[in-house]
Amino acid sequence: MYLEKQSRQRLLEALDRLIECTQASFREEEVLMEMFASAPDSAHRDKHNEVLAQMNLLRSNVLDCDRGRLLAQLILVDRQLTSHISDALRLPNSPQPDLLVERETAAA
């Protein structure tokens, strides 16, 4: 939306949806971590909070920032989310997708 030069209102709506989806994803991830980890990972939870804080900062600045500053904040949030996803995929103790399906099927 930024690259298409959509209105700031449309960008704000998209950010609201992204924040909502990210919060839901992080909640699910934290539930899975509690189920499969022997101890809570407060550092990982702190990363979630940091990413969400950056997203909320970006959201609060959408209407006030010039396009250059807005782009810089978008890039930062994008990098944080991308980094978080790639870190989660590299975790040695993270459950494999097929293992999760098996456990979900058994639970049903």
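Since the model is a prediction, treat every value here as computed from it, not as a measurement.

## Overview of the packing of helix 1 (residues 8-36) against helix 2 (residues 42-61)
Consideration 1: Relative orientation of the contacting elements helix 1 and helix 2 amounts to 175 degrees, with a least axis distance of 10 Å. As judged from the angle between their axes, helix 1 and helix 2 are roughly antiparallel. Seen from helix 1, the contacting residues are Leu12, Leu15, Asp16, Leu18, Ile19, Thr22, Gln23, Phe26, Glu29, Glu30, Met33 and Glu34; seen from helix 2, they are His44, Arg45, His48, Val51, Leu52, Met55, Asn56, Leu58 and Arg59.
Consideration 2: Grouping the amino acids of the contact of helix 1 with helix 2 by side-chain chemistry returns ten nonpolar, five polar and six charged.

## What about a nonpolar patch on the surface?
Consideration 1: Residues Val31, Leu32 and Met35 make up a contiguous nonpolar surface patch of roughly 270 Å² in combined accessible area.
Consideration 2: Locating Val31 in the fold gives a position in helix 1.
Consideration 3: For Val31, a relative accessible area of 46% gives the class partly exposed.

Quick notes on the rules
Residues numbered from 1 in each chain as written. Predicted model: local features only at pLDDT ≥ 70, side-chain atom pairs only at ≥ 80, totals over all residues. Heavy atoms only, no water. Axes fitted to C-alpha atoms, helices over the stretch in contact; angles between N-to-C directions. Helix = DSSP H or I, 4+ residues; strand = E, 2+ residues; numbered from the N terminus. Parallel < 35°, antiparallel > 145°, perpendicular 65-115°, else oblique. Contact = heavy atoms within 4.5 Å. Nonpolar A, V, L, I, M, F, W, Y, C, P; charged D, E, K, R; others polar. Patch = residues over 30% accessible without salt bridge, like charges linked within 9 Å, V, L, I, M, F, W, Y side chains within 5 Å. Areas by Shrake-Rupley, 256 points an atom, 1.4 Å probe, with all protein chains shown as cover. Salt bridge = Lys/Arg side-chain N within 4 Å of Asp/Glu carboxyl O. Buried < 20%, exposed > 50% of the residue type's maximum accessible area, 1.4 Å probe, protein only.

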